[in-house]
Amino acid sequence: MDSDDAKPGIHRAPVLQLYRELWFQAKGHRAALLGSMLLLVGAQVVLLAVPYLVGKSLNVLQARGNDGAGEAAFWLAAVLGATIVSWLIHGPGRILERNVALAVRQRVATALTQRLLAFPLSWHDRNHSVASAHRVHQSSSSLGTFAESQFIYLRSAVRLVGPIGALIAIHPLVGGLASFGLLAICGAVVGFDRAIVRLAIRTNDAERRYTSVLADALGNATSVLALRQARPFIRTLQQRVEDVFEPLRRMIVINEVKWCAVDVASRLLSCCLVALYAWLVLRAPGDGQKLMFGSVYMVWEYALQSGAVVAAVAANFQTFATQYANYQSADVIRHHPVDESLHEPVETQSWQQCEIDGLVFRHVAGRDSGPTLDHVRLNLQRGKRYALIGSSGSGKSTLMRVLAGLYVAERIEVQASNGATAGAQIQAPLKAARFLRGSTTLIPQEAELFEASLEQNLAMCESLHGQPEPEGYHRALELAAVMDFLPTEGDPLQVSIGEHASNWSGGQRARVALARGILAARGSSLILLDEPTANLDTRTEAAVYRNLFAEFADACLIASVHRLDLLRHFDEVLVMVDGRLVAQGSEAVLAQTSVDYANLRAASLRQNDAEETAVEMAAEDAV
Ligand SMILES: Nc1ncnc2c1ncn2[C@@H]1O[C@H](COP(=O)(O)OP(=O)(O)OP(=O)(O)O)[C@@H](O)[C@H]1O
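What you are looking at is a predicted structure, and each value in this text was computed from that prediction instead of being measured. (Residues numbered from 1 in each chain as written. Predicted model: local features only at pLDDT ≥ 70, side-chain atom pairs only at ≥ 80, totals over all residues.)

## Some thoughts on the overall build of the protein
At step 1: The helix and strand tally for the protein stands at 19 helices and 12 strands.
At step 2: Once the C-alpha set of the protein is aligned to its principal axes, its extents read approximately 120 × 55 × 50 Å.
At step 3: Counting only residues that meet the buried cut, the protein has 37% of its 623 residues in that class. (Helix = DSSP H or I, 4+ residues; strand = E, 2+ residues; numbered from the N terminus. Buried ≥ 20, exposed ≤ 12 C-beta atoms within 10 Å, placed from the backbone.)

Here is the structure:
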């Protein structure tokens, strides 16, 4: 598949990008976001006082011995007080923070899904559905996790700035060395993480490809078992897992080197800070300074805190790197250039007559070859039934998708009118697609049902005028001959449908899908039926067509048909050959005038003969 698996650019500062996106996606909750951040920072600022309070207590004891016990106890009680106050601020901050995270996650997922479902069909042709679902999940959950982990990052920020401030207050030179050392270590961490982001993006891409194959294997159990595809699938999956592991292995090595470097450097820095402080105090005997244990403890504790913060920052940076890579994984959805009008709801259109001219369409994958639809011209009228015929691959389904506005044509001219009233004349392909979407319903070839009750499956559609009325469900089921096989006891609408409706036969699936299509088609000027009855026996197929013709007597109906004996039920036949519409007229006229029609008729007769011979041979074998 020629997917849109574009490699996103590597951004220099994933953390800044994440904050930018968080701010953007938190729209409507920004006050809560800022409020939670202020509370979380406040809680950490209060905790910064703890080493100072403990140091004070030690200094009092050293200076005054037993006499200072009361004051020392006071400073220790203050430690407990600071901890309680910190929690009283931290708790509400966390609750607020997590609520914002939920809102952000939902907003990202909804926005991406809305975009995906508005993309033209050609985009979906090129991109695996499971890979796209993976992108939506990965992107929304990564920003959600980033949003709900603010307390960790803010704690790191406060603990980075706070101890440095405290060390500067204790001695400017000690503070200066701490700032320099920490900056140098952070710089090295960023360097490591840029390499890690690149590898994380590669791992994500490989994981998506792995998930797609896994979904193909699990979603097509019948073929997998019938065609003994399990081993080939497992071989492919193993290869795809290897593709995931290759960048992962490199990430593991880089990671270990990074942690080793950070740990050694931060411990070295802590020791240097204590040594520097002691040296600075001891080398100045003249002014009577004494090396106080409490002050040494403060330096050690603040140095330790900054060392721990360096480790935390290193961990955070790595998290930012993977979180941003995950968030970016949906950029192909987020930034795919698509005309914004595709996201707007279409306006309902109604016409009596519609002329399509000069229609050219080409599948992206086949750009080098000729167009799939080549200068197609069609004249359609409401109240008429058209049968679309042509050999396999001649372009019938593609034409229906263009007429339904699902594919945007390269060139097209649409002229629609309401009887005597001159109507719309549209030449811009995108406008034409929107116009067609507003007046047409395509009942597709694939009977895609969902794991839910029959009623929920029927409710899973909208006509051009909105949600179908539940009162119409029974009628739709009767028209599509579904009632013939539903259980007579209990509420038939509550019958359950399994994944891919595999608990139903192919013909039953097709009929339920048709019933849903009937509900969606109400009020459409043009109804397109892409072989929806292909799985039905001849008698049921003819009955279903009779029902549809009576129900939609006022609409223009085009049905793609393979069984040519059905043609007598239609007003006109449209003949397709290699993407061109070569003939349009009644069956009787085409029988006299069209060579292409005669060829298709002859091929159909030959196929019927072959099928009959096969049935006879099977019967003889059985005897
Ligand atoms: N998504 C796609 N990407 C690239 N080419 C495609 C795509 N879908 C169809 N085609 C090509 O377009 C041509 C027309 O296909 P289409 O499905 O419209 O034929 P059809 O007449 O409906 O065939 P059938 O009767 O077998 O369903 C074929 O050559 C097919 O290979």
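Moving on from the model shown.
## Some words on the site of the ligand
At step 1: Neighbouring the ligand are 13 residues, the closest being His363, Ser392, Lys396, Ser397 and Thr398.
At step 2: Among the elements that make up the shell around the ligand, the one with the highest residue count is helix 12 (residues 396-403) (three residues).
At step 3: Considering only residue class, the shell around the ligand consists of one nonpolar, 10 polar and two charged. (Near = placed C-beta within 6 Å. Nonpolar A, V, L, I, M, F, W, Y, C, P; charged D, E, K, R; others polar.)

## What to know about the pairing of strand 12 (residues 580-585)
At step 1: Strand direction decides the pairing type here: strand 11 (residues 572-577) and strand 12, joined by five bridges, are antiparallel. The residue bridging Val575 from the neighbouring strand is Ala583, located in strand 12.
At step 2: Hairpin geometry of strand 11 and strand 12 is characterised by an intervening segment of two residues between the two adjacent antiparallel strands and by a positive phi of about 45° at Asp578. (Pairing = 2+ DSSP bridges.)

## Some points on the packing of helix 2 (residues 30-64) against helix 6 (residues 150-170)
At step 1: With their axes 9 Å apart at the nearest point, helix 2 and helix 6 run at an angle of 40° to one another. Classified by the angle between their axes, helix 2 and helix 6 sit oblique to one another. Between helix 2 and helix 6 lies a crossing of right-handed hand. On helix 6, the residues touching Ser36, Met37, Leu40, Val41, Gln44, Val45, Leu48 and Tyr52 of helix 2 are Gln150, Phe151, Leu154, Arg155, Val158, Arg159, Gly162 and Ala166.
At step 2: Each residue belonging to the contact of helix 2 with helix 6 can be placed in one class, and the counts come to 10 nonpolar, four polar and two charged. (Axes fitted to C-alpha atoms, helices over the stretch in contact; angles between N-to-C directions. Parallel < 35°, antiparallel > 145°, perpendicular 65-115°, else oblique. Left-handed = near helix turned anticlockwise from the far one by under 90°. Contact = placed C-beta atoms within 7 Å.)

## Thoughts on the sheet that holds strand 1 (residues 353-361)
At step 1: Strand order across the open sheet formed by four strands is 2-1-4-5, with antiparallel pairing between neighbours. Edge positions in the sheet fall to strand 2 (373-381) and strand 5 (425-426), since each of these pairs with one other strand and no more.
At step 2: Pairing analysis gives six bridges linking strand 1 to strand 4 (residues 411-417), with the strands arranged antiparallel. Across the sheet, Gln353 pairs through a bridge with Ser417, a residue of strand 4.
At step 3: Most of the contacts of helix 13 (residues 429-437) go to strand 4, to which it runs at about 45°, and overall it touches strand 4 and strand 5.

## Here we look at the environment of Leu237
At step 1: Position of Leu237 relative to the elements: it lies in helix 9 (residues 230-282).
At step 2: Linking Leu237 and Thr211, residues 26 residues apart in sequence, is a C-alpha distance of 8.8 Å.
At step 3: Sequence-distant contacts of Leu237, that is, excluding residues within four places in its chain, are made with Tyr210, Val213 and Leu214.

## Description of the environment of Thr593
At step 1: Within the fold, Thr593 resides in helix 18 (residues 587-593).
At step 2: Judged by local crowding, Thr593 falls into the exposed class, with 11 C-beta atoms found within 10 Å.
At step 3: Residues Thr593 and Ala583 lie 10 residues apart in sequence; the distance between their C-alpha atoms is 9.1 Å.

## So, helix 2
At step 1: Taking 1.5 Å of rise per residue, the 35 residues of helix 2 would be expected to cover 51 Å, and the 52 Å separating its terminal C-alpha atoms lies within 8% of that figure.
At step 2: Remark: Gly65 follows helix 2 within two positions and exhibits a positive phi of approximately 60°. (Expected span 1.5 Å × (residues − 1).)

## Some words on the pairing of strand 4
At step 1: Of the two faces of strand 4, only the one carrying Ile412, Val414 and Ala416 is buried; Arg411, Glu413, Gln415 and Ser417 on the other face are not.
At step 2: Of the pairings in the sheet, the one linking strand 4 to strand 5 comprises two bridges and is antiparallel in character. In the sheet register, Val414 faces strand 5, and the bridge partner there is Ile426.

## Focus: the domain arrangement of the protein
At step 1: Segmentation of the protein into domains returns domain 1 (14-340), domain 2 (347-439 + 526-587) and domain 3 (445-523).
At step 2: The centre of domain 2, based on its C-alpha atoms, is set 24 Å off from the matching centre of domain 3.
At step 3: Domain 2 puts 17 residues into the contact, and the matching count from domain 3 is 14 residues.
At step 4: Only strand 9 (526-530) and helix 17 (538-551) provide two or more residues apiece to the side of domain 2 that touches domain 3.
At step 5: Examining the composition of the side of domain 2 that touches domain 3, we find that six residues originate from one element, helix 17, more than from any other. (Domains from an automatic or database assignment.)

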